[in-house]
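The chain contents come next:
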Amino acid sequence: MATKSVLVLKVGGALLQCEMGMARLMTAAAEMIAAGQQVLLVHGGGCLVDEQLTANGKETVKLDGLRVTPADQIPIVVGALAGTSNKILQAAAAKAGIVSVGMSLGDGNVVTAKIKDERLGLVGEVEPKDATYLNFILNQGWMPICSSIAISSQGEMLNVNADQAATALAKLVNGTLVLLSDVSGVLDGKGQLISSLNKSEIEHLVAQGVIEKGMKVKVEAALEVAQWMGKPVQVASWRDAEQLKTLVKGGSVGTQIQP
Ligand SMILES: Nc1ncnc2c1ncn2[C@@H]1O[C@H](COP(=O)(O)OP(=O)(O)O)[C@@H](O)[C@H]1O
Ligand SMILES: CC(=O)N[C@@H](CCC(=O)OP(=O)(O)O)C(=O)O
């Protein structure tokens, strides 16, 4: 059994298009697991969804950073996230010697899911439910790799933003959440990394339009978990080898979102 809390690492879709980035991340995860740290990987894949929608002649519409998901797009979205993206990451994990279990939010009773907002179509909102399945996997020294496809009690397949998926799972396992994106953290209006942000500073930067789109969703998800846990949540980059090394040592990287 690990002594430290579960590390919940969320990675954005751009990672899946970067062999080197995936190899570095999985090497870091393998080192942590070997040292007894339990790691749960949650992933997005927005750019793969975009590609697949375009290839199938479908339009991409986003509202406040969330993809409007009509029923006719669900097979493509589910295929790209729970299928291709999940298996690309499992393949990279295998190469680094990690035993992984590919899963989705719909597995093992981990969350409850419902439609978030009718205007978004089949987009889900999830709440933590039962940690038994995840803890079973983690206690074997295996790494769950979870996509953000959920299933409602009505039997609908729902598309959940992956930062919000990671939020629910971090709460479920009472873990330490790190949101890894393709940028080094939250950047100010001049493109400089902001080392720490609290609620009112976030609100100010959102109102100014400095934090927008996917980063707005991410920072709000981070703030929710920070407040829930009473400890900071980190927004950092999977691209940055130094940040990953610091993370392996248990240090702080990127932007600290304060409770
Ligand atoms: N203030 C900001 N700082 C950093 N990135 C920002 C900011 N505002 C908007 N963004 C955008 O948010 C993106 C990260 O969100 P998103 O694309 O959803 O990432 P991911 O796929 O990793 O979850 C950045 O690549 C950038 O284009
Ligand atoms: C509802 C919603 O927006 N779902 C996201 C799920 C994937 C995701 O969040 O991917 P990233 O982490 O790469 O952004 C989408 O369809 O793009």
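Because the structure is a prediction, the values reported are computed rather than measured.

Can you break down the overall build of the chain residue by residue, with the values?
Helix and strand counts for the chain stand at eight helices and 14 strands. Over its C-alpha trace the chain gives a radius of gyration of 17 Å, about what one expects of a compact globule, namely 18 Å for 259 residues. Projected onto the principal axes, the alpha-carbon positions of the chain cover approximately 45 × 45 × 35 Å. Here the chain holds 259 residues, and the buried ones make up 49% of them. Long-range contacts, defined as pairs at least 24 residues apart, comprise 72% of the intrachain contacts of the chain with a sequence gap of at least 6. Taken as a whole, the chain presents about 11400 Å² of accessible surface, with 51% of it coming from carbon and sulfur. Of the side-chain charges in the chain, 22 are positive and 24 negative, and the distance between the mean point of each set is 4 Å.

Which residues make up the site of ligand 1, and what are the values?
Around ligand 1, a shell composed of 16 residues is seen, among which Lys10, Ser181, Leu187, Val210 and Lys218 lie nearest. Between an oxygen atom of ligand 1 and a side-chain N or O atom of aspartate 182, the distance comes to 3.1 Å. Here a nitrogen atom of ligand 1 sits 2.9 Å away from a polar atom, N or O, in the main chain of leucine 187. Protein chains bury 72% of the 580 Å² of accessible surface belonging to ligand 1 in isolation.

Which residues make up the side chain of serine 181, and what are the values?
Inspection of the secondary structure assignment puts serine 181 in strand β11 (residues 176–181). Among the polar contacts made by the side chain of serine 181, one reaches the side chain of aspartate 182 at a distance of 3.2 Å. Setting aside chain neighbours within four positions, we find serine 181 in contact with Lys218, Ala236, Ser237, Trp238 and Arg239.

How would you explain the sheet that holds strand β13 (residues 233–237) if you had to name every residue and give the values?
As a general point, the strands of a sheet are linked pairwise by backbone hydrogen bonds and lie either parallel or antiparallel. Taken in spatial order, the eight strands of this open sheet run β5-β8-β2-β1-β11-β13-β14-β12, and their pairing is mixed. Two strands close off the open sheet at either side, each with one partner strand: β5 (100–104) and β12 (196–197). Across four bridges, the pairing between β11 and β13 is parallel. Each bridged residue has a counterpart across the sheet, and for serine 181 the counterpart in β13 is serine 237. Seen against the sheet, helix α3 (residues 74–95) touches β1 (7–11), β2 (39–43), β5 and β8 (143–147) and runs at an angle of roughly 155° to β8.

Break down the environment of leucine 244 for me, citing the residues and quoting the values.
One can find leucine 244 in helix α8 (residues 241–248). Judged by relative accessible area, leucine 244 falls into the buried class, the value being 6%. In this structure, leucine 244 is in contact with Arg24, Leu25, Leu180 and Trp238, ignoring residues within four places of it in sequence.

How would you sum up the nonpolar core? Please name residues and give values.
Core analysis: the largest hydrophobic core is formed by 54 residues, its most contacted members being Leu105, Leu169, Val186 and Ile257. A per-element tally of this core places helix α7 (residues 213–229) first, with seven residues. Setting aside chain neighbours within four positions, we find valine 186 in contact with Gln192, Leu193, Ile194, Leu197, Ile211, Met215, Val219, Val235, Thr255 and Ile257. The next biggest cluster of nonpolar side chains, apart from the first, holds 26 residues, and it includes Leu7, Leu25, Met32 and Leu180.

Talk me through the site of ligand 2; I want residue IDs and the actual numbers.
Contacts to ligand 2 come from 15 residues, most closely from Lys10, Gly13, Arg67, Asn159 and Ala162. Glycine 46 places a main-chain nitrogen or oxygen 3.1 Å from an oxygen atom of ligand 2. Here an oxygen atom of ligand 2 and a side-chain polar atom of arginine 67 are 2.6 Å apart. For ligand 2, the accessible surface in isolation is 430 Å², of which the surrounding protein chains cover 90%. Considered class by class, the residues forming the shell around ligand 2 number five nonpolar, eight polar and two charged.

Quick rundown of the UniProt feature "binding site: substrate" (unreviewed entry) in the chain? Include the residues and the values.
UniProt annotation of "binding site: substrate" (unreviewed entry) refers to Gly45, Gly46, Arg67 and Asn159 when read in the numbering used here. These annotated residues cover 115 residues of sequence, and their C-alpha atoms all fall within 11.9 Å of one another, placing them together at a single site. Tracing the backbone through its elements, the reader meets glycine 45 in the loop between β2 and α2 (46–55). Leaving out residues up to four positions away in the same chain, glycine 45 has contacts with Gly13, Leu16, Leu81 and Ser85. Within the secondary structure, glycine 46 sits in helix α2. In this structure, glycine 46 is in contact with Gly13, Arg67 and Leu81, ignoring residues within four places of it in sequence.

Calculation notes
Residues numbered from 1 in each chain as written. Chains lettered and ligands numbered in written order. Predicted model: local features only at pLDDT ≥ 70, side-chain atom pairs only at ≥ 80, totals over all residues. Heavy atoms only, no water. Helix = DSSP H or I, 4+ residues; strand = E, 2+ residues; numbered from the N terminus. Rg over C-alpha atoms; globule rule 2.2 N^0.38 Å. Buried < 20%, exposed > 50% of the residue type's maximum accessible area, 1.4 Å probe, protein only. Contact = heavy atoms within 4.5 Å. Areas by Shrake-Rupley, 256 points an atom, 1.4 Å probe, with all protein chains shown as cover. Lys, Arg positive; Asp, Glu negative; His and termini not counted. Charge placed at Lys NZ, Arg CZ, Asp CG, Glu CD. Near = heavy atom within 4 Å. Polar contact = N/O pair within 3.5 Å; in protein donor to acceptor, adjacent residues only side chain to side chain. Pairing = 2+ DSSP bridges. Axes fitted to C-alpha atoms, helices over the stretch in contact; angles between N-to-C directions. Core = buried A, V, L, I, M, F, W, Y, C linked by side-chain atoms within 4.5 Å. Nonpolar A, V, L, I, M, F, W, Y, C, P; charged D, E, K, R; others polar. UniProt positions renumbered as here; feature names shortened; annotations may be inferred.

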